[in-house]
Amino acid sequence: MPEVVEDPVKAKPELRYRRVILKLSGESLTRSGERGIGGDEVHHIARQIQSAHSSGCEVAVVVGGGNILRGAQFSDSNASVQESTAHYMGMLATVINALALQDALEAIGCPTRVMSAIRMDGVAEQFIRRRATRHLSRGRIVILAAGIGSPFVTTDTAAAQRALELEADIVLKATRVDGVYSEDPEKNPHAMLYDRLDFAEVVAKNLRVMDATAIALCREHGVPILVFNFKKEGNIVRAIAGESVGTWIGLRL
Ligand code: UDP
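Residues numbered from 1 in each chain as written. Predicted model: local features only at pLDDT ≥ 70, side-chain atom pairs only at ≥ 80, totals over all residues. Heavy atoms only, no water.

## Thoughts on the overall build of the protein
Item 1. Of the regular secondary structure elements, the protein holds 7 helices and 9 strands.
Item 2. For 253 residues, the compact-globule estimate of 2.2 N^0.38 gives 18 Å, and the protein sits close to it at 17 Å.
Item 3. For the protein, the C-alpha atoms occupy an extent of roughly 50 × 45 × 35 Å along the three principal directions.
Item 4. Put simply, the protein has 253 residues, and 49% of those count as buried.
Item 5. Intrachain contacts of the protein at a sequence separation of at least 6 include 72% that bridge at least 24 residues. (Helix = DSSP H or I, 4+ residues; strand = E, 2+ residues; numbered from the N terminus. Rg over C-alpha atoms; globule rule 2.2 N^0.38 Å. Buried < 20%, exposed > 50% of the residue type's maximum accessible area, 1.4 Å probe, protein only. Contact = heavy atoms within 4.5 Å.)

Below is the structure:
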């Protein structure tokens, strides 16, 4: 499969990507090391998404919930909350984040829809693939909440799954570091930052990019992933514009 799948009829010639999935971790909505939601952080992310969206690219955001809760926190068999329950709690956390992001986007004039994989009439639309596609083609930013609606996976898997369903050109994985490193850069300052990688190398070297299911889905279906640092001003716009930023991962270099 080619690196970028473009519909020659629909693709806007100046756009590198026609449709993207932007994976935002819950931690991107709060100050480093803190929990919950930070107003300034949400506003900052919303401004960046707005700039990217105004280029004409269709943007679907898969939002995580780690700033509130991750199911794996309850993996201890002695925990009073069962792990599967905790994963559902994690999915609900992503809905909380999605609502915050929606308000921040709408406050700056971006039409936005929240679609949840768990039915939650009254706060969000149900995720229906064809409806999501229609929202995107009408210029709405779609925030995808509640992951895939099933426990024991993360929103990385949801990003890959939705990229396939919505025929996105790429998964943009926003992180706090500049891309994929040979080792943890916080532990080894000499760790090497990769510019480009192929999926085989990611698997062989067990590099921490996204969870294994997400990598397997993207690899099998040839959907590239770009891992980049969203903390650097303008990087979301650069990533969506297809500029050289972060680490690009695809089927071949
Ligand atoms: N989760 C789940 N199924 C999904 C997506 C998420 O069970 O399809 C749960 C899982 O426990 C996960 C939590 O929701 O840890 C929050 O999502 P994630 O850890 O991906 O958030 P992030 O790290 O991106 O903030």
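## So, helix H1 (residues 39–53)
Item 1. Over its 15 residues, H1 extends 21 Å from the first C-alpha to the last, a length consistent with the 21 Å expected when each residue adds 1.5 Å.
Item 2. Of all the positions in H1, only Glu41, Val42, Ile45, Ala46, Gln48, Ile49, Ala52 and His53 are classed as buried. The buried residues of H1 occupy an angular sector of 160° when the element is viewed end-on, so they sit on one face. Exposed residues lying more than 90 degrees from the buried face of H1 are Gly39 and Asp40.
Item 3. Looking at the packing, one finds that the buried side of H1 touches strand S1 (19–24), strand S2 (58–63), helix H2 (83–107), strand S5 (141–145) and helix H7 (235–241). (Expected span 1.5 Å × (residues − 1). Arc of directions from axis to C-beta.)

## Points about the site of the ligand
Item 1. Around the ligand, a shell composed of 21 residues is seen, among which Gly26, Gly66, His87, Ser150 and Thr155 lie nearest.
Item 2. Within the contact set of the ligand, an oxygen atom lies 3.4 Å away from a backbone nitrogen or oxygen of methionine 91.
Item 3. Protein burial of the ligand: of its 520 Å² of free accessible surface, 95% is covered by the chains.
Item 4. A per-element tally of the shell around the ligand places H2 first, with 3 residues.
Item 5. Here the residues of the shell around the ligand sort into 6 nonpolar, 13 polar and 2 charged. (Near = heavy atom within 4 Å. Polar contact = N/O pair within 3.5 Å; in protein donor to acceptor, adjacent residues only side chain to side chain. Areas by Shrake-Rupley, 256 points an atom, 1.4 Å probe, with all protein chains shown as cover. Nonpolar A, V, L, I, M, F, W, Y, C, P; charged D, E, K, R; others polar.)

## Description of the sheet that holds S5
Item 1. The mixed open sheet is built from 9 strands, whose spatial order is S4-S3-S5-S2-S1-S6-S8-S9-S7. Two strands in the sheet have a free side with no partner beyond their single neighbour: strand S4 (125–126) and strand S7 (196–198). (Pairing = 2+ DSSP bridges.)

## Looking at the confidence of the model for the protein
Item 1. Scored by pLDDT, the protein has a mean of 91; 94% of the residues are at 70 or more.
Item 2. Segment residues 1–13: pLDDT under 50, and 23 contacts once partners within four positions in sequence are set aside and those in other chains are kept. (pLDDT = per-residue confidence, 0-100.)

## Looking at the side chain of aspartate 169
Item 1. By secondary structure assignment, the location of aspartate 169 is in the loop between helix H4 (155–165) and strand S6 (170–175).
Item 2. Within polar-contact distance, the side chain of aspartate 169 engages the backbone nitrogen of arginine 18 at 2.7 Å.

## Some remarks on the pairing of strand S8 (residues 225–229)
Item 1. Taken across its 5 residues, S8 has 5 buried, putting it largely inside the fold.
Item 2. Note: S6 against S8, 5 bridges, orientation parallel. Paired with valine 171 across the bridge in S8 is isoleucine 225.
Item 3. Relative to strand S9 (residues 247–250), S8 is paired through 3 bridges, and the arrangement is antiparallel. Bridge pairing in S9 places isoleucine 225 opposite isoleucine 249.

## So, H2
Item 1. With 25 residues, H2 should reach 36 Å at 1.5 Å per residue; the first-to-last C-alpha distance of 36 Å fits that figure.
Item 2. Once H2 ends, the next one or two residues include glycine 109, with phi positive near 90°.

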